Structure formats: structure tokens, C-alpha cells
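So the chains spell out like this:
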Amino acid sequence: MSFSGKGGVGKSTLLIMLLKHVLNTKKYKNILVIDADPDANVADIIGEEIRFKETVGGKMTELKEKIAKRQIPLDVPKNQIIESEVFDAIIEKDEFDIIEMGRSEGEGCYCSVNNTLKQVIDVIAKNYDLVLIDAPAGLEYFARKTGRNVTDLVIVTDASKMGLHTMERIIEVSKEVNLKFEKIWILGNKFPSDTESVLKDRVEKIGDNRVEFLGVVPYDDEISKFNLVGKNLLKISNNAQLYKSISELYEKVL
Ligand SMILES: Nc1ncnc2c1ncn2[C@@H]1O[C@H](COP(=O)(O)OP(=O)(O)OP(=O)(O)O)[C@@H](O)[C@H]1O
Ligand SMILES: [Mg+2]
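The rules behind these values
One numbering rule holds for all chains: residues counted from 1, following each sequence as written. Each chain gets a letter, beginning with A, and each ligand a number, beginning with 1, in the order they are written. For a predicted model such as this one, the threshold for reporting local features is a pLDDT of at least 70, and the threshold for listing and counting side-chain atom pairs is 80 or more; totals across whole chains, interfaces and linings nevertheless cover every residue. Just so you know, side-chain values use all the structure's heavy atoms and leave hydrogens and water out. The rule for a residue being near a molecule or strand is that one of its heavy atoms must lie within 4 Å of it. Definition of a polar contact: a pair of N or O atoms within 3.5 Å, with one able to donate and the other able to accept a hydrogen when the atoms are protein atoms, and with sequence-neighbouring residues admitted only if both atoms are side-chain atoms. Accessible surface is estimated by sampling points in the Shrake-Rupley manner with a 1.4 Å probe; for residues, cover comes only from the protein chains shown. Labels follow the DSSP assignment, with helices taken as runs of H or I lasting at least four residues and strands as runs of E lasting at least two, numbered in each case from the N terminus. Here the term charged refers only to Asp, Glu, Lys and Arg, the term nonpolar to Ala, Val, Leu, Ile, Met, Phe, Trp, Tyr, Cys and Pro, and the term polar to all other amino acids, Gly among them. Only the stretch in contact is used when fitting a helix axis, every axis being a line fitted to C-alpha atoms; angles between N-to-C directions are given from 0 to 180 degrees. Left-handed is the label given to a crossing in which the near helix is rotated counterclockwise from the far helix by less than a right angle, and right-handed is the label when the rotation is clockwise. For this analysis, residues touch if any pair of their heavy atoms sits within 4.5 Å. In this scheme, a residue with accessible area under 20% of its type's maximum is buried, one over 50% is exposed, and one in between is partly exposed, where area comes from a 1.4 Å probe on protein chains only. The predictor's confidence in any single residue is recorded as pLDDT, a number from 0 to 100. Domain delimitation follows an automatic or database domain assignment.

Student: Can you walk me through the site of ligand 1 in this structure?
Tutor: As a structural note, the neighbourhood of ligand 1 is formed by 20 residues, with Lys 11, Ser 12, Thr 13, Asn 189 and Asp 220 the closest of them. At 3.2 Å from an oxygen atom of ligand 1 is found a side-chain nitrogen or oxygen belonging to Asp 37. Within the complex, 83% of the 630 Å² of free accessible area of ligand 1 lies under protein. When residues of the shell around ligand 1 are traced back to their parent elements, those giving at least two are helix 1 (11-25) and helix 9 (221-229). Split by residue class, the shell around ligand 1 holds 7 nonpolar, 8 polar and 5 charged.

As C-alpha cells, then:
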């Protein structure tokens, strides 16, 4: 399941709320969180510090340097090397695993490294019962066809014209590049009361049977406070307003 939407609408926050819900209900045993956003990290929200070297991007940067300096033995297949690097980047927490993609640096085109990387991530994801992906804001991630094996897409929008526009564009782009999501859920975040129907109507107008309106959740002061002081969002009370309202909605998704 992948979370997407305009920047700042609450993708990472709502992904963590889903993770909290899944951990509380114990519906899935093996859970992997892939943080594919190089800028804003899921890790930050749950108070985890991950150094660049520990990210997939960091490891790939090192690998590219080694390739450039011809320090890689020729007799080991490249996908095997990449696979072991990515396995190395998996951070095992008590209740779930997390992998930080980070960004890959270095000069030149290493398309074969990047292509293999995608395949390796797909292979690793198969070892888990549930994979949650925090996609970077906007459309580019989907235009690159990165979410190939993702069955469910959650598009988060806030109550803004731009949020809704990005939502519609993501659906269009996913069709253009032929991404086969089984379900696309539309989730409104930070919605004022009595504005739910605006989003609902907009979603109905899209007229695509994969696209389903999931619901809206309100702005919750407690969430911003947690973020401001850098507290682990997973530890928010089960009675927090946002968590309670979103848990109900997530029951539909799982
Ligand atoms: N329902 C909510 N109530 C109050 N604050 C919220 C809510 N949802 C998200 N926020 C706050 O809004 C800000 C942006 O949220 P978040 O980082 O989850 O968005 P994002 O879509 O992942 O952003 P980015 O595109 O930068 O990755 C954060 O400060 C977060 O605490
Ligand atoms: Mg984010």
C-alpha cells in the first residue's frame, strides 16, 4: 500500500496512523515500511535517526563509487551485490521493519543499478505480509513507474484546490503509465466539518471504479504538537481524535 498526494497534506502522518492501527489490531505479522521520500522522513516522525550511510541511497552511492574505481569483483553478479546491500539497509524494529531509501548521489548514469534496485525492492517486499510505502510528494514518483507491485494506492488531499488537483493528476498519470492499482483510496485530511461532501462529489465525478472515497479526518491540534516537539507519533494515545476517526476508516482498507 502506497501513500501519495501533494506536499504537506499529511501522507507520512496518516501512514504512521495506519501503522499504529495495524500494530494495535495485530492484523499483520510481518510489516515493512519503505520510506521512499528522500526529503521528509517517516523515520523523523517516529523519532528514529538514520544516517545517510545506512540508507539505500547511501549504500548505492558507495557502490557506484566502487564500480567507478573498479573495486567490484567481476565474478559476483551485480544484482547479488545490490541485494545484499539493500538487505543491509533494513532496520529491524521490535514490531516492524523500516527501510530508508534516501537519495542516491554520484555522477553518471547507473541505470542498471537503479533498475536492479527496483527489482530487489520488489523481491524483498514479497517477504512481508504488509508493505507501507511513503511516496514523495507529487507525481514524479509515479511517472517513473516505481510503484509497480503496489496493489492499493492511498491518495491524501487536504481541503485545498491544489490538493484536489494533485489527487486528480496522480490518478491520470497512473493511467498514462499503466500502473495497475487494484484500488485507489481517496482520503481527506485536515478537513473542516461539513466539507466532506465536496470531496465525495469530486471523487464520484472521476468515474473510475478503482477509485473509492474513503472519508475525511479533521485537523487535530495534538498531532501538530507531537510533530512540533519531535515526539514519536506511534506513541500518541489511542484516544487521540485523529487516531480514533482514522482507525474506523482504515478498517475498510485492510
Ligand atoms: N490531521 C492533522 N491535524 C493536524 N496536523 C496535521 C494533521 N495531519 C498532518 N498534520 C501536520 O501537517 C504537517 C505535514 O504532515 P506530513 O509531514 O504528514 O505531510 P506529508 O504529506 O507527508 O508532507 P511531505 O510532502 O513534506 O512529505 C505536519 O506538521 C503534521 O504534523
Ligand atoms: Mg511526508
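Student: Would you explain the packing of helix 3 (residues 56-68) against helix 4 (residues 78-89) in this entry?
Tutor: In a packed pair of helices, the relevant descriptors are the angle between the two axes and the axis-to-axis distance. Two elements in contact, helix 3 and helix 4, have axes whose closest approach is 9 Å; the angle formed by their N-to-C orientations is 145°. The two elements helix 3 and helix 4 cross, and the hand of that crossing is right-handed. In contact with Val 56, Lys 59, Met 60, Leu 63 and Ile 67 of helix 3, helix 4 contributes Lys 78, Ile 81, Ile 82, Glu 85, Val 86, Asp 88 and Ala 89.

Student: How do you make sense of unusual backbone geometry when you look at a structure like this?
Tutor: Working note: non-glycine residues mostly have negative phi, and peptide bonds are mostly trans. Notably, Lys 26 is not glycine yet its phi reads approximately 55°, a positive angle. Relative to the elements of secondary structure, Lys 26 occurs in the loop between helix 1 and strand 2 (31-35). Judged by its relative accessible area of 69%, Lys 26 is exposed. For Arg 70, which is not glycine, the phi dihedral falls at a positive 55°. When you line up the elements, Arg 70 lands in the loop between helix 3 and helix 4. On the basis of relative accessible area, Arg 70 is assigned to the exposed category, the value being 74%.

Student: How should the confidence of the model for the protein be read in this particular structure?
Tutor: Do not read the predicted coordinates in detail wherever pLDDT is low. Counting all residues, the mean pLDDT for the protein is 89, and 94% of those residues have values of 70 or more. Across the protein, the element-wise mean pLDDT spans from 73 in helix 6 (residues 140-143) up to 98 in strand 8 (residues 211-216).

Student: Just to check I follow, could you spell out the domain arrangement of the protein for this structure?
Tutor: The figure often quoted for interface size is the accessible area lost as the parts come together. According to the domain assignment, the protein consists of domain 1 (1-29 + 130-254) and domain 2 (48-95 + 103-128). A C-alpha centroid distance of 28 Å is found between domain 1 and domain 2.

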